[in-house]
Amino acid sequence: MKHDRIYLNAFVMNCVSHQSPGLWTHPSDQGYRYTDIDFWAELAQTLERGRFDAVFLADVLGVYDVYQGSRDAAVRHATQIPLNDPMLIVPVMAQVTTRLGFGVTVSVSYEPPYLFARRMSTLDHLTKGRVGWNIVTSYLDSAARNLGLQRQVDHDARYDIAEEYLEVCYKLWEGSWEDDAVVRDRRRGVYAEPDKVHAIGHHGTYFTVPGIHLCEPSPQRTPVLYQAGVSRRGRAFAARHAECVFIIAPTVAMAKTYVQSIRAEAERIGRDPSQIRIFSMFTPIVGRTQAEAEEKYLDYIRHASYEGALALYGGWSGLDLSKYRPSEPLQYFRNDAIHSAVEVFTKMDPDRQWTVEEIARFIGIGGRGPVFVGTADRIADEMKAWVDEAGVDGFNVAYAVIPGTFVDFVDMVVPTLQKRGLVWNDYAFDTLRGNLYDGRAHLPDDHPGRQVHVRN
């Protein structure tokens, strides 16, 4: 789907090391500062200077303990552990910026929707409408065990729960407080009109929420809805609910397959497929010359952790690759982890068989996404090719080292993209949804969430 610009998110996590295991050992990496409030403020200011639409905050609720049946490799190599709460750094970043958006990953599997809806409305108020929600169902057994279950719920059943979770949130955000419920009438002593605040009366299979939303309507009411499921069930869920879909594919051809399937499913159920913004992940390694970029990439590879990469992939896929020989090709296996993490290396490209060693080396820099190495012009060319050939709308820009990868991208690649008219020179609107959708602050009327909206 053609748009007038390429959309940009920065892909980060409130931890030492996100998608490039082992790179925390690089002398220029400052991931160890993830506990420092100034670190997040500085990063937000860099991203807003680069006119990023949002910073996309990943999260998990467990530890990567599939590889060798132990958490030791993940702990040893800081493979997304230690890990802090993503929500709590949003107000910090919002206070030092005015337009940058914030996509926060929160799972529907372990927190009641009544409490979550209040937290998200609070963030939307504090950021003046710059919040998005990356809806996930979680994939780690370690999270399920620590949150009171013997094992995680079946993959497709998690999406059944998610459907009702969204229904409750929509009712709270859109269906509880009328647009003019808050009057702040000092003369009458009335802050809000009781007859314009409605109990949602939800009594479902998984949740019972009879009362009203605790928050008055925030600027966006419902946050911008991100979703990252590309399994068959995940695509159906995304096509129904998502405004933005995050995909990870190592090649243009694989990305195109995902994009086409998501848009086709959206069209099948009656949504306008052009209204779904699809972001693909990549990691840029930028140099002033091609040789400089390639030398930087080789330098980064020397710091990548083979064991950390296999620990990371074990969590994503549910497969313990320590049981495979390094030269052994990976075979497709279905379980309750991330289906696409296995599919992408076994089924998506019929002309390629990936060995365990190849998967580990590939994941070492940039996770499951591609790495673009080169000058600003070359990386701009690659981005344009993915937009033209795969049909993506934008990118989740991951990092090798933080903040260096983002500083290089903002200082070198963004000006090149701006000169070509591929990204904007300045923000156009105040809210995150407004900047993604030409000024519209709320869900469109044909979205299932907006259809429960109470009007005056």
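Residues numbered from 1 in each chain as written. Predicted model: local features only at pLDDT ≥ 70, side-chain atom pairs only at ≥ 80, totals over all residues. Heavy atoms only, no water.

1. What about the overall build of the protein?
Scanning the protein from N- to C-terminus turns up 15 helices and 13 strands. For the protein, whose C-alpha radius of gyration is 22 Å, the value lies close to the compact-globule estimate of 23 Å for 456 residues. Projected onto its principal axes, the C-alpha positions of the protein cover 75 × 50 × 45 Å. Across the 456 residues that make up the protein, the buried fraction comes to 59%. In the protein, once contacts between residues fewer than 6 apart in sequence are set aside, the share between residues at least 24 apart is 77%. About 18,000 Å² of surface is accessible on the protein, with carbon and sulfur atoms providing 49% of the total. Of note, the protein has its 49 positive side-chain charges centred 2 Å away from the centre of its 58 negative side-chain charges. (Helix = DSSP H or I, 4+ residues; strand = E, 2+ residues; numbered from the N terminus. Rg over C-alpha atoms; globule rule 2.2 N^0.38 Å. Buried < 20%, exposed > 50% of the residue type's maximum accessible area, 1.4 Å probe, protein only. Contact = heavy atoms within 4.5 Å. Areas by Shrake-Rupley, 256 points an atom, 1.4 Å probe, with all protein chains shown as cover. Lys, Arg positive; Asp, Glu negative; His and termini not counted. Charge placed at Lys NZ, Arg CZ, Asp CG, Glu CD.)

2. Examining the pairing of strand 11 (residues 277–286)
Successive residues of a regular strand alternate their side chains across the two faces of the sheet. In terms of burial, strand 11 is a largely internal element, ten of the ten residues being buried. What you see with strand 11 is no split at all: Arg 277, Phe 279, Met 281, Thr 283 and Ile 285 on one side and Ile 278, Ser 280, Phe 282, Pro 284 and Val 286 on the other are buried throughout. After leaving strand 10 (residues 244–247), the chain enters helix 8 (residues 252–268) and then returns to the sheet as strand 11, a path that is right-handed. Direction of pairing for strand 11 relative to strand 13 (residues 394–397): parallel, over a ladder of four bridges. When the bridges of strand 13 are listed, Ser 280 appears paired with Phe 395. Here strand 11 pairs with strand 12 (residues 371–374) via four bridges, running parallel. Within strand 12, the residue paired with Ile 285 across the bridge is Val 373. (Right-handed = clockwise from strand over helix to strand, strands pointing away. Pairing = 2+ DSSP bridges.)

3. Focus on unusual backbone geometry
With the exception of glycine, most residues fall at negative phi, and the peptide bonds are largely trans. In this model, Ile 81 is joined to Pro 82 through a cis peptide bond whose omega is 0°. Within the element layout of this structure, Pro 82 appears in the loop between helix 2 (72–76) and helix 3 (90–95). Residue Pro 403 follows Ile 402 across a cis peptide bond; omega there is 5°. The backbone of Gln 80 shows a phi angle near 55°, a positive value even though the residue is not glycine. Mapping Gln 80 onto the fold places it in the loop between helix 2 and helix 3. Not every positive phi belongs to a glycine, and Arg 184 is a case in point at roughly 45°. On the secondary structure map, Arg 184 appears in strand 5 (residues 182–185).

4. Quick word on the state of the cysteines
Under the counting rule described, the total for this entry stands at zero disulfides. There is no disulfide at Cys 244, and the cysteine sulfur nearest it, in Cys 169, is 17 Å away. (Disulfide = S-S within 2.5 Å.)

5. Here's the deal with the environment of Gly 366
Mapped onto the secondary structure, Gly 366 falls in the loop between helix 12 (356–364) and strand 12. Gly 366 sits in the buried class, given a relative accessible area of 0%. Spatially, the C-alpha atoms of Gly 366 and Thr 405 are 11 Å apart, while their sequence positions differ by 39 residues. Once residues lying within four places of it in the same chain are set aside, the contact partners of Gly 366 are Gln 19, Ser 20, Met 281 and Thr 283.

6. Thoughts on the pairing of strand 3 (residues 101–107)
Among the seven residues that make up strand 3, seven are buried, leaving the element largely enclosed by the rest of the structure. Residues Gly 101, Gly 103, Thr 105 and Ser 107 point to one face of strand 3 and Phe 102, Val 104 and Val 106 to the other, with burial holding for every one of them. Each parallel crossover has a hand, and for strand 3 linked through helix 4 (residues 113–126) to strand 4 (residues 131–136) it is right-handed.

7. Structural notes on the side chain of His 26
Mapped onto the elements of the fold, His 26 is located in the loop between strand 1 (7–13) and helix 1 (37–49). At 2.9 Å, the side chain of His 26 and the side chain of Ser 28 are in polar contact. Contacts of His 26, omitting those with residues within four sequence positions, involve Asp 299, Tyr 300, His 303 and Val 401. (Polar contact = N/O pair within 3.5 Å; in protein donor to acceptor, adjacent residues only side chain to side chain.)

8. Describing the environment of Arg 235
Mapped onto the secondary structure, Arg 235 falls in helix 7 (residues 232–241). The class of Arg 235 is partly exposed, set by a relative accessible area of 21%. Between the C-alpha atoms of Arg 235 and Ile 278, which are 43 residues apart in sequence, the distance is 12 Å.

9. Considerations on the pattern of salt bridges
In the structure shown here, the tally under the stated rule is 29 salt bridges. Where Arg 188 meets Asp 185, a salt bridge forms, and the shortest distance between an N and an O atom there is 2.8 Å. The class for Arg 188 is partly exposed, based on a relative accessible area of 41%. Measuring nitrogen to oxygen at the nearest pair gives 3.1 Å for the salt bridge that ties Asp 377 to Arg 420. Residue Asp 377 is found in helix 13 (residues 376–390), and its partner Arg 420 is found in the loop between helix 14 (404–419) and helix 15 (432–436); the two are separated by 43 residues along the sequence. Residues joined in a network through salt bridges with shared partners are Arg 33, Asp 36 and Glu 42. (Salt bridge = Lys/Arg side-chain N within 4 Å of Asp/Glu carboxyl O.)

10. Side note on the packing of aromatic side chains
Applying the stated criterion across every chain, the model contains 21 aromatic pairs. By way of ring pairs, the aromatic residues Tyr 7, Phe 11, Phe 56, Tyr 226, Phe 246 and Phe 279 are connected into one cluster. Note that Arg 5 overlies the ring of Trp 424, its terminal NZ or CZ placed 3.5 Å from the centroid. Its guanidinium or amino end placed over the ring of Tyr 437, Arg 440 lies 4.7 Å from that ring's centre, counting from NZ or CZ. (Phe/Tyr/Trp six-rings, centres within 6.5 Å; stacked < 30°, edge-to-face > 60°. Lys NZ or Arg CZ within 6 Å of the ring centre and 35° of its normal.)

Nothing here speaks to function; it is all geometry.
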